[in-house]
2 protein chains.
Amino acid sequence: MNYPNGIKNKIIKKEIHYDNRGMSLEEDLNISNLYYQDKKIAYIYKKPTPIQITKVDYPSRNKAVIKEAYFKEPSTTDYNGLYKGRYIDFEAKETNNTSSFPLANIHPHQINHIKNINNNNGICFLIVRFNKIHKTYLLLAEDFLSFIEQNKRKSIPLSYFEEKAFKVEEKYIPRLDYLKIIDQLLEVS
Amino acid sequence: MNYPNGIKNKIIKKEIHYDNRGMSLEEDLNISNLYYQDKKIAYIYKKPTPIQITKVDYPSRNKAVIKEAYFKEPSTTDYNGLYKGRYIDFEAKETNNTSSFPLANIHPHQINHIKNINNNNGICFLIVRFNKIHKTYLLLAEDFLSFIEQNKRKSIPLSYFEEKAFKVEEKYIPRLDYLKIIDQLLEVS
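Keep in mind the model is a prediction, meaning the values are calculated, not measured.

(A) Local environment of the pattern of salt bridges. All names here are of chain A. One pass over the structure, following the stated rule, counts 16 salt bridges over all chains. Glu91 serves as the salt-bridge partner of Lys93, at 3.2 Å between the closest nitrogen and oxygen. Measuring nitrogen to oxygen at the nearest pair gives 3.5 Å for the salt bridge that ties Lys171 to Asp177. Relative accessible area serves as the criterion here: at 17%, Asp177 is assigned to the buried category.

Dropping the structure here:
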């Protein structure tokens, strides 16, 4: 099995160190998605980072070297894929803030994307980890959108997550079983 | 309305020149997808190009300039999105070849991706344009996969497209109404 982006090293590290607290949300999600894929539960993958290329060199006929480029503001979300035949789409964010999630983390184009997914009957959400208090939440697009429509605030208070979002438990395997929450939602609908 | 990647200029050009023969498949698809989005028919978007970044400079605190990077072999497809609540995923390719489509155009990781989408009940296909004979085909993932499983050939002959694929007509608007073909498939299933 091919583990992308050094995931294999992380798994080895995990076995040696036992303590997983130091793993980033992205690493946890990538490992969880590999587990889902391996077990044929779901196919969810990370999109490439959007880059604006401004200068390219061709040192030889078939080789292009990008000599100048910039990180673009993302216009979509980090992850998407398929679960039980349904379109899944989400953005994952960490914050060191202990009482609220700053909305500067989500760009206007991403909000448009989230609206589009939601309007077209995709399953869309944010996964937000509050690093300092070791809590990870899944906030559905509709609750996220209704917050920003009804509030002029620049951040979503933790209390809103406690009230509206679903807590994602950290386990040994899969690290973040966020699809368990989606299961509950699919059962209700 | 915001037209990404200079699409607006292309539309203006189109009105002036009347003849659209010179437009690339990507431009045709981007315009068609904007039409679908505008009319709230579907939400289908292009993924970012995957780049491997090897050197980044930080000339000032908040600004990152990528100084060296390379185009990575794509591990997924060009486009994905939602139509009638279904997950849509496809790769678009042009060829100047008149009798076959060279399989070197599709990377091994992309084939894995196509299999994964297909196995997870997504709607997956290739859109292949034969530039010289002005024909554009939609080939479903299952027919593409069955060809590469049953053949050791390095290209898919045009005759296979004529037999198995669906011809995508070029119209004024939308330029390439490929979802019309998906409609027929959804009706049958």
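(B) Layout of the nonpolar core. Counting 50 residues, the largest nonpolar core has A:Phe144, A:Ile156, A:Phe161, B:Phe144, B:Ile156 and B:Phe161 as the members making the most contacts within it. Excluding residues that lie within four positions of it along the chain, A:Phe144 makes contacts with A:Leu103, A:Ile106, A:Ile111, A:Ile114, A:Leu126, A:Leu139 and A:Ile156.

(C) Seen up close, the pairing of strand 4 (residues 79–83) of chain A. All names here are of chain A. Burial runs high along strand 4: 5 of the 5 residues are buried. Of the strand pairs in this sheet, strand 1 (residues 42–46) and strand 4 are connected by 5 bridges, and their pairing is antiparallel. For Tyr43, the partnering residue across the bridge sits in strand 4 and is Leu82. Where strand 4 lies against strand 5 (residues 86–95), 5 bridges are found, and the strand directions are antiparallel.

(D) Structural detail: the sheet that holds strand 4 of chain A. Residues and elements named next belong to chain A. One open sheet holds the 6 strands; their spatial order is 1-4-5-7-8-10, and the pairing between them is mixed. The sheet is open, and its two edges are formed by strand 1 and strand 10 (166–167), each paired on a single side. Along the sheet, helix 2 (residues 25–38) contacts strand 1, strand 4, strand 5, strand 7 (123–130) and strand 8 (135–140); its crossing angle with strand 1, the most-contacted strand, is approximately 150°. Helix 6 (residues 179–188) contacts strand 1, strand 4, strand 5, strand 7, strand 8 and strand 10 of the sheet and is inclined by roughly 55° relative to strand 4.

Conventions adopted
- Residues numbered from 1 in each chain as written.
- Chains lettered and ligands numbered in written order.
- Predicted model: local features only at pLDDT ≥ 70, side-chain atom pairs only at ≥ 80, totals over all residues.
- Heavy atoms only, no water.
- Salt bridge = Lys/Arg side-chain N within 4 Å of Asp/Glu carboxyl O.
- Buried < 20%, exposed > 50% of the residue type's maximum accessible area, 1.4 Å probe, protein only.
- Core = buried A, V, L, I, M, F, W, Y, C linked by side-chain atoms within 4.5 Å.
- Contact = heavy atoms within 4.5 Å.
- Helix = DSSP H or I, 4+ residues; strand = E, 2+ residues; numbered from the N terminus.
- Pairing = 2+ DSSP bridges.
- Axes fitted to C-alpha atoms, helices over the stretch in contact; angles between N-to-C directions.

Nothing here speaks to function; it is all geometry.
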